Amino acid sequence: LLSLAPAGRAAYDDSVFEGKTWEEVVDSFISDYGVDPEAVTMGYCNTVTGEEHYHRGDVYMVSGSMYKVPLNMIFTERISRGEMDWTDTIGGLDYARALEWTIVNSDNNVAENMWKSLGGYQKYRHLICPYMGVDEETVDAMFWKNNYFTAEQMIYCLRLLHTEPERFPRIEETMQRAEPSRWFNYHEQEYKLAHKFGYYSEGSRLYVNDCAICYTDDPICIVLFTDTIPGKICNDFVADFCALMCDYAQYHTALRHEEEARQAEEAAIAALNSPAAQETGSPPSAEAGQTPSAAPT
């Protein structure tokens, strides 16, 4: 499955995807790395077509600093509503810099001041429910216990951020400046990313995560949670998951465009061969709603 270069991006040709479902592609990727399938959760969403897939998508995992994305969505939406301004201060720091410090620098102290200003950690969790696609009345109790999210929740968050940017000004652009050479960007990437990593260690447990909007021809949202995968393997695994998902998206976008072109050509031929066209020597009129969008060559 993998074609790895020590200092570069994994390359995935069409044979990796041809005739395979997303689940089969991901299962092969996990297997080839020798990673325990129970040690990872994954999510994928094409923001243009709506195609969406998960590996253990409803399983709660330690999110690390990925929580700073929905945290900032609270404040930026207040700005978009005119309820606060970029110069308003939180813990002595104007919010414009707080956004930069929490997303680009991943500053935990600034983030703590932010959720404290909202009324505490539990209040912050209540406020982000709409951004994570959950109902606070029915969401699993794990959502309230600690800094846990599921892949499904993070994909919902990223998709909302990307498709409704007017509600959350500057976040996506700021995420584009974060970690240009680590996590999903650990290997040189062909496509621009807006991402936020999550890293947390506790005893022998190590959680390395990343979530991103990837600017493939059809922009995609992806997320990966890991639980205690050995260091160097984990770095490559995380980076190559991003490459795999980008190449998967490009492969299927090309297939869709080919199918659209084929259907357009068939429609054009059918229009030229219709009884009306045979009688008049030309395709049906635009008023009939049958004019082909392209003529056959």
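Higher on the page you've got the structure.
The following refers to the structure shown. Predicted, not measured: the structure shown is a model, and the values here were computed from it.

Here we come to the overall build of the protein chain. When you go through the protein chain residue by residue, the secondary structure sums to 10 helices and 9 strands. In the protein chain, buried positions account for 49% of the 297 residues. In the protein chain, the proportion of contacts linking residues at least 24 apart, taken out of those at least 6 apart, comes to 62%. A total of about 13,800 Å² of accessible surface is found on the protein chain, and carbon and sulfur atoms cover 48% of it.

This brings us to the side chain of Thr-150. Inspection of the secondary structure assignment puts Thr-150 in the loop between β6 (148–149) and α7 (151–163). Each residue touching Thr-150, except ones within four places of it in the same chain, is listed here: Gly-57, Asp-58, Val-59, Tyr-60 and Phe-225.

For the rest of this paragraph, the subject is helix α2 (residues 68–80). The periodicity of an α-helix, 3.6 residues per turn, causes residues three or four positions apart to be oriented the same way. The end-to-end C-alpha distance of α2 is 18 Å, a good match for the 18 Å that 13 residues give at a rise of 1.5 Å each. Most of α2 sits out of view: 11 of its 13 residues are buried. Just beyond α2, the residue with positive phi is Gly-82, at close to 80°.

Basis of the calculations
Residues numbered from 1 in each chain as written. Predicted model: local features only at pLDDT ≥ 70, side-chain atom pairs only at ≥ 80, totals over all residues. Heavy atoms only, no water. Helix = DSSP H or I, 4+ residues; strand = E, 2+ residues; numbered from the N terminus. Buried < 20%, exposed > 50% of the residue type's maximum accessible area, 1.4 Å probe, protein only. Contact = heavy atoms within 4.5 Å. Areas by Shrake-Rupley, 256 points an atom, 1.4 Å probe, with all protein chains shown as cover. Expected span 1.5 Å × (residues − 1).

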